[in-house]
Amino acid sequence: MTNDNIPNSDGHSLEYRGFRFELRVDEQRGGYRPVVILVLTPADEEETQLPNDTEEIVYSTAAEAIRHGEQQAMRWVHDRTGDGRGQF
């Protein structure tokens, strides 16, 4: 199921420990902000966008923003699977 309020991916994705995320960037104030969308979970939960964890931070390049989005997705999984050690 697709939620029309969630931005579409621009081709970047991450699969991590049974979770799948689509990653994109939004251009803002001379930089880029990562957008991370959870699209598949082991429990087939509904597609949802992860909350923005950068607040006022924007990255110089789209690649930097995508890397941050990947790290955000992995932290999100660790927080929910009981592995709070933050191993990447």
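About the cut-offs
- Residues numbered from 1 in each chain as written.
- Predicted model: local features only at pLDDT ≥ 70, side-chain atom pairs only at ≥ 80, totals over all residues.
- Heavy atoms only, no water.
- Salt bridge = Lys/Arg side-chain N within 4 Å of Asp/Glu carboxyl O.
- Buried < 20%, exposed > 50% of the residue type's maximum accessible area, 1.4 Å probe, protein only.
- Helix = DSSP H or I, 4+ residues; strand = E, 2+ residues; numbered from the N terminus.
- Expected span 1.5 Å × (residues − 1).
- Contact = heavy atoms within 4.5 Å.
- Phe/Tyr/Trp six-rings, centres within 6.5 Å; stacked < 30°, edge-to-face > 60°.

Asker: Describe the pattern of salt bridges, naming the residues involved and giving the relevant values.
Answerer: Counted by the stated rule, this structure contains 5 salt bridges. When the shortest N-O distance is used, the salt bridge between Arg20 and Glu15 registers 2.8 Å. Arg20 sits in the partly exposed class, given a relative accessible area of 24%. The residue Arg33 makes a salt bridge to Asp26 at a minimum N-O spacing of 3.2 Å. The class of Asp26 is buried, set by a relative accessible area of 18%. Each of Glu15, Arg20 and Glu22 takes part in a single network of salt bridges with overlapping partners.

Asker: Explain the environment of Pro51 residue by residue, including any values.
Answerer: Along the chain, Pro51 turns up in the loop between β4 (48-49) and α1 (62-81). Residue Pro51 is classed as exposed on the basis of its relative accessible area, which comes to 59%.

Asker: Residues and numbers for α1, please.
Answerer: Helix length check: α1, at 20 residues, gives a terminal C-alpha distance of 29 Å against a target of 28 Å (1.5 Å per residue), a fit within 8%. Listed as buried for α1 are Ala65, Ile66, His68, Gly69, Gln72, Ala73, Met74, Trp76, Val77 and His78. Its buried side turned inward, α1 meets β1 (12-16), β2 (19-28) and β3 (31-40). Just past α1, the residue Gly82 takes up positive phi, approximately 85°.

Asker: Give me the packing of aromatic side chains: which residues, what numbers.
Answerer: Each aromatic ring pair is described using two quantities: the centre-to-centre distance and the angle formed by the ring planes. Summed over all chains, the structure comprises 2 aromatic pairs. Arranged with centres 6.0 Å apart and planes meeting at 85°, the rings of Phe21 and Trp76 form a pair that is edge-to-face. Of this pair, Phe21 sits in strand β2 while Trp76 sits in helix α1, and the two are 55 residues apart along the sequence. Phe21 sits in the buried class, given a relative accessible area of 0%. Put simply, the rings of Phe19, Phe21 and Trp76 pair up and form one aromatic cluster.

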